[in-house]
Amino acid sequence: INIHKKILITFGATYIDDPRKGFEFFAKSLELLKLNYRVLLFGRIYNSECLNYINKQEQINFLGNINCNKTLRNIYSISDVVVAPSIIDNSPNIIFEANACETPVVAFNNTGIKDFIVHKETGWLARNKDFRSLAQGIEWCVKKRNNKFFRKNCRKYCLENFSEEKVAKHYIKLYKNLIKKKN
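Quick summary incoming for the structure in this document. One numbering rule holds for all chains: residues counted from 1, following each sequence as written. Local features are withheld for residues below a pLDDT of 70 in this predicted model, meaning they are given only at 70 or higher, and side-chain atom pairs are given and counted only at 80 or more; totals for whole chains, interfaces and linings count all residues. To get the side-chain values, all heavy atoms of the structure are used, and hydrogens and water are removed first.

The next point concerns the sheet that holds strand β1 (residues 7-15). For two strands to pair, DSSP has to find at least two bridges joining them. Helix numbers and strand numbers start at the N terminus; a helix is a DSSP run of H or I with at least 4 residues, a strand a run of E with at least 2. Strand order in the open sheet made by the six strands is β3-β2-β1-β4-β5-β6, with parallel pairing throughout. Lying at the two open borders of the sheet, with one neighbouring strand each, are β3 (60-64) and β6 (123-126). The mean angle between the axes of side-by-side strands here comes to 20°, regardless of whether they run parallel or antiparallel. Sheet topology places strand β2 (residues 37-44) next to β3; four bridges connect them, and they run parallel. Counted as the bridge partner of L41 is F62 from β3. Each axis is a line fitted through C-alpha atoms, taken for helices only over the stretch in contact, and angles between the N-to-C directions span 0 to 180 degrees.

It is worth spelling out unusual backbone geometry at this point. Of note, the phi angle at T111 is positive, near 35°, even though the residue is not glycine. Whether a residue is buried, partly exposed or exposed follows from its accessible area with a 1.4 Å probe, protein chains only, as a fraction of its type maximum: under 20%, in between, or over 50%, in that order. Residue T111 is classed as partly exposed on the basis of its relative accessible area of 33%. One non-glycine residue with positive phi stands out, namely K120, at about 65°. As for its placement among the helices and strands, K120 is situated in the loop between β5 (105-108) and β6.

The description of two packed helices rests on the angle between their axes and on the distance between the axes. Here helix α4 (residues 93-100) crosses helix α6 (residues 148-162) at 125°, and the two axes come no closer than 7 Å. Taken together, the axes of α4 and α6 are oblique relative to one another. Contacts between α4 and α6 involve F96, N99 and A100 from the former and C154, R155, C158 and F162 from the latter. Just so you know the grouping, Ala, Val, Leu, Ile, Met, Phe, Trp, Tyr, Cys and Pro go in nonpolar, Asp, Glu, Lys and Arg go in charged, and all remaining residues, Gly too, go in polar. Partitioning the contact of α4 with α6 into residue classes produces five nonpolar, one polar and one charged. Our angle categories are set so that under 35 degrees counts as roughly parallel, over 145 as roughly antiparallel, 65 to 115 as roughly perpendicular, and the remainder as oblique. Any pair of residues with heavy atoms lying within 4.5 Å of one another is described as a contacting pair.

A separate point is the packing of aromatic side chains. Aromatic ring pairs: the centre-centre distance and the angle between the two ring planes describe each pair. Here a Phe, Tyr or Trp ring, Trp counted by its six-membered ring, pairs with any other such ring whose centre lies within 6.5 Å, and the pair is stacked when the planes are under 30 degrees apart, edge-to-face when over 60, and tilted otherwise. Summed over all chains, the structure comprises 13 aromatic pairs. Taking the centre distance of 5.1 Å and the plane angle of 70° together, the rings of F116 and F162 count as edge-to-face. Taken together, the residues F116 in the loop between β5 and β6 and F162 in helix α6 connect sequence positions 46 residues apart. Under the relative-accessibility criterion, F116 is labelled buried at 15%. For F162, a relative accessible area of 23% gives the class partly exposed. Each member of the aromatic cluster is reached from another via a ring pair, and the members are F11, F23, F26 and Y53.

Written as structure tokens, this is what we have:
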């Protein structure tokens with residue numbers, strides 16, 4: 001992959017062309033970008049038409065399915081921005097994984113996703129199903145890519161709010177409250 005001097009935009013999903021993951025919005029947003037970019041795309045594909053589209057796009061590098069955590073960390077770490085335009089999703093792991101690697105995430109301001117990204121602090125929340133707003137968010141995050149505070153803030157927010165320890169404490173507290181209410 002020739003990534004020298006290019007903006008790296010990453011999109012990944014278990015199945016890239018699952019309509020719930022918003023790949024169609026991502027593809028449309030790419031057409032609006034005025035950046036020298038490459039796309040790192042990973043996951044599986046249901047439909048061969050999607051693969052044909054991807055193979056015709058010179059700026060897209062399809063990496064296939066990735067099961068190695070170290071490889072995923074490396075991809076997130078070298079990315080300038082990760083895009084997760086899911087239209088039906090509660091808490092996609094890609095958001096936490098990217099932010100933990102100091103990489104901002106652009107996603108739609110919908111479902112549970114809006115609870116995991118702080119607009120303009122850990123990424124960008126685009127208007128739901130609006131590929132123009134998605135493109136705007138990608139460009140905004142790319143402009144901030146060399147801002148160490150912005151990138152560190154992504155990781156800090158993720159660890160302070162979504163680490164295994166924090167989530168476990170939250171569930172324990174919830175469980176105790178439910179027991180109290182029952183009694």
